[in-house]
Amino acid sequence: MAKPKYIFCTGGVVSSVGKGVTVAAIGRILKARGLKVAVQKLDPYLNVDPGTMSPYQHGEVYVTADGAETDLDLGHYERFTGENLNRTCNVTAGQVYGHVIDKERRGDYLGGTIQVIPHITNEIKRRIALVGQESDADVVIVEVGGTVGDIEGQPFLEAIRQMRMSLKRRDTLYVHVTFLPYIGATGELKTKPTQHSVRELRGIGIQPNVIVARTDHPVSKDVMGKIALFCDVDDNAVIPLETTDLLYDVPLVLEDAGLGDYLVENLRLEAKEPDLKGWRKMVKRFRAVKEEINIGIVGKYIELHDAYMSVKEAIFHAAGGQDRKLQITWIHSGDLEKGKGFEDLAKLDGIIVPGGFGYRGVEGKILAARYARENNIPYLGLCLGMQVMTIEFARNILGLEDANSSEFERPSKHSVIDLMHDQRGITDMGGTMRLGLYPCKLLEGSVAAAAYDNQPEVQERHRHRFEFNNDYREAFEQNGAVFSGLSPDGLLVEILELKDHPFMVGSQFHPEFLSRPNEPHPLFNGFVRAAMSYRTKRLENTRG
């Protein structure tokens, strides 16, 4: 088995500059050349994983097929490359230090002094190499989180510097993503912050081969030449990346700027001619849509849209794939609890209630589910969204006024959502939920089965600790609920839907994690079709 080549991607000047999307786009343009790619994110924070972090701190937690709770950038990697990643593809400082300290406690270092160099850096390098070994990839693309100059990122930068020493020179390549600030008073893009960022990298011992210059304004050849001169890179290795209105256009921007050919030439990759025809056609279709569809996302983290990144993208995939221009209305569930925001619900073509944890904002989500049920508005509940749909049904159809979930620790005789049996007695919060890919058997003739094109069984990714309480199954079924998706043993409810409603479906799993821009998820496709039909009727009634 041939050893993989490595592309290391760092960021400079400011955070949130778009490294993750740039890395994902590089993966796409290499895959378009027939190369097998794997992508890894190195996160310098001391948390073991983002699973216990607030969405306000970190955005969404992306779950891989093998149940790893990872950085949201892994979602970009999977959506752009079409590759399913695993737990080796997200490494944190917490994991690295924890592993080294555990080895020290066992006596594995034979009484030696444990230091950042070589022990921490060796462990980082081991984990980088592991991705190549497990994936059999031609190219492994490694993103170092944070910004050059961050103190917590120094061991990771040192590790990727050492990687070049242990591999052949033509087996590694460094890409540095920076930001060019614009001075409005003079109408200039400034390169000095980029020069300083590269100088910082050089001080560590890393000379970038490629500079991707993020900017909100067009970059002239003079500016590109200046960056090349002062940062000591080839003229054709300065790649301008102007802000685009469509995320999925980024691979085409990089390809058209010559980045793909430059990477192939400098890494001496045996690659085919790039085939991005399908991707270009997809982007053209997304851009051509004109007829709108208005979908509401009812959540409690809506101030930070990144908290619902995969949900947002999955709706976009389904809407664009059916030639509809997506308009998202963000509704804070806490506002619904105060009687606000119902006028926004009335203007929607569909309602999505995504996942979440904790009682704050839950009553507002229950109100959204009730509004969708009573007004026949298409509804898609994801994880907690399925659970609040269950609570609403129990309260207002079954008459169980105090129905609730035992997660919320509210006094209730009717916990229609309860802790899973194998979760009882678990005290640690991190990495202990039902995580990863599990099978779901579909009920023939159901709305869910129709959405999945009548497949008998599907595999979906999960992240939850609570489930539907089977003591209430019979009462639900007698009153119009359909359990259209179950675990193969029939014990766990995976999908709940309602009869006599155009589309009221809740999934215990997270279908958004399997949606791709060129292959929208079936449940989101079904939801958007129902929303399109509802919009037609709603507008006809408005005109009438």
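Heads up: these notes are all about the structure in this document.

What counts and what doesn't
- Residues numbered from 1 in each chain as written.
- Predicted model: local features only at pLDDT ≥ 70, side-chain atom pairs only at ≥ 80, totals over all residues.
- Heavy atoms only, no water.
- Helix = DSSP H or I, 4+ residues; strand = E, 2+ residues; numbered from the N terminus.
- Rg over C-alpha atoms; globule rule 2.2 N^0.38 Å.
- Buried < 20%, exposed > 50% of the residue type's maximum accessible area, 1.4 Å probe, protein only.
- Contact = heavy atoms within 4.5 Å.
- Areas by Shrake-Rupley, 256 points an atom, 1.4 Å probe, with all protein chains shown as cover.
- Lys, Arg positive; Asp, Glu negative; His and termini not counted.
- Charge placed at Lys NZ, Arg CZ, Asp CG, Glu CD.
- Axes fitted to C-alpha atoms, helices over the stretch in contact; angles between N-to-C directions.
- Left-handed = near helix turned anticlockwise from the far one by under 90°.
- Nonpolar A, V, L, I, M, F, W, Y, C, P; charged D, E, K, R; others polar.
- Pairing = 2+ DSSP bridges.
- Expected span 1.5 Å × (residues − 1).
- Polar contact = N/O pair within 3.5 Å; in protein donor to acceptor, adjacent residues only side chain to side chain.
- Salt bridge = Lys/Arg side-chain N within 4 Å of Asp/Glu carboxyl O.

1. Concerning the overall build of the chain
Working step 1: A count of helices and strands for the chain gives 19 helices and 23 strands.
Working step 2: By the compact-globule yardstick of 24 Å for 544 residues, the chain fits well, its C-alpha radius of gyration being 25 Å.
Working step 3: Principal axes of the C-alpha set define a box for the chain whose edges measure 70 × 65 × 45 Å.
Working step 4: Residues classed as buried in the chain amount to 58% of the 544 residues present.
Working step 5: Intrachain contacts of the chain at a sequence separation of at least 6 include 74% that bridge at least 24 residues.
Working step 6: Accessible area of the chain: about 23300 Å², with a carbon and sulfur share of 48%.
Working step 7: Between the mean site of the 65 positive side-chain charges and the mean site of the 74 negative ones, the chain shows a separation of 4 Å.

2. Comments concerning the packing of helix H12 (residues 309–321) against helix H19 (residues 522–543)
A pair of packed helices can be characterised by two numbers: the angle between their axes and the separation between those axes.
Working step 1: The contact between H12 and H19 brings their axes to 9 Å, and the two run at 60°. Two packed elements cross with a definite hand, and for H12 against H19 that hand is right-handed. The segment H12 lies against H19, with Val311, Ala314, Ile315, Ala318 and Ala319 engaging Phe524, Asn525 and Val528.
Working step 2: The residue makeup of the contact of H12 with H19, split by class, is seven nonpolar, one polar and no charged.

3. Description of the sheet that holds strand E11 (residues 238–242)
Working step 1: If you walk across this open sheet you meet the seven strands as E5-E2-E6-E1-E7-E10-E11, and the pairing is parallel. Edge strands, defined here as strands with exactly one partner in the open sheet, are strand E5 (90–92) and E11. Pairwise comparison of adjacent strand axes, ignoring direction, gives a mean angle of 20° for this sheet.
Working step 2: Relative to strand E6 (residues 139–144), strand E1 (residues 5–11) runs parallel, the two being bridged by five bridges. Its bridge partner being in E6, Phe8 is matched across the sheet by Val142.

4. Some details on helix H5 (residues 116–135)
Working step 1: In this model H5 runs 28 Å from its N-terminal to its C-terminal C-alpha over 20 residues, within 8% of the 28 Å that 1.5 Å per residue would give.
Working step 2: Within the span of H5, buried status applies to His119, Ile120, Thr121, Glu123, Ile124, Lys125, Arg127, Ile128, Val131, Gly132 and Ser135.
Working step 3: Summarising the contacts, the buried residues of H5 are in contact with E1, strand E2 (37–43), E5, helix H4 (93–106), E6 and helix H6 (154–166).
Working step 4: Of the residues one or two after H5, Asp136 is the one with positive phi, at around 55°.

5. Overview of the environment of Val362
Working step 1: Locating Val362 in the fold gives a position in helix H15 (residues 362–374).
Working step 2: On the accessibility criterion, Val362 (0% relative accessible area) is buried.
Working step 3: Through-space distance from the C-alpha of Val362 to that of Gly153 is 38 Å; in sequence the pair is 209 residues apart.
Working step 4: Residue contacts for Val362: discarding those within four places in its chain leaves Glu337, Leu384, Val388 and Phe408.

6. A closer look at the side chain of Arg461
Working step 1: Position of Arg461 relative to the elements: it lies in strand E19 (residues 457–464).
Working step 2: Owing to a relative accessible area of 0%, Arg461 belongs among the buried residues under this scheme.
Working step 3: Looking at Arg461, its side chain comes within polar contact range of the main-chain oxygen of Val63, at 2.9 Å.

7. Points about the pattern of salt bridges
Working step 1: Tallied over the full model, the rule gives 32 salt bridges.
Working step 2: A salt bridge links Arg516 to Glu78; the nearest nitrogen and oxygen atoms lie 3.0 Å apart. Here the residue Arg516 occupies a position in the loop between strand E23 (504–507) and H19, and Glu78 occupies one in helix H3 (residues 73–81), the gap between them amounting to 438 residues.
Working step 3: The exposure class assigned to Glu78 is buried, which follows from its relative accessible area of 0%.
Working step 4: Here Arg161 makes a salt bridge to Glu158, at a shortest N to O gap of 2.8 Å. Of this pair, Arg161 and Glu158 both sit in helix H6, three residues apart, roughly one helical turn.
Working step 5: Take Arg161: its relative accessible area is 24%, and that puts it in the partly exposed class.

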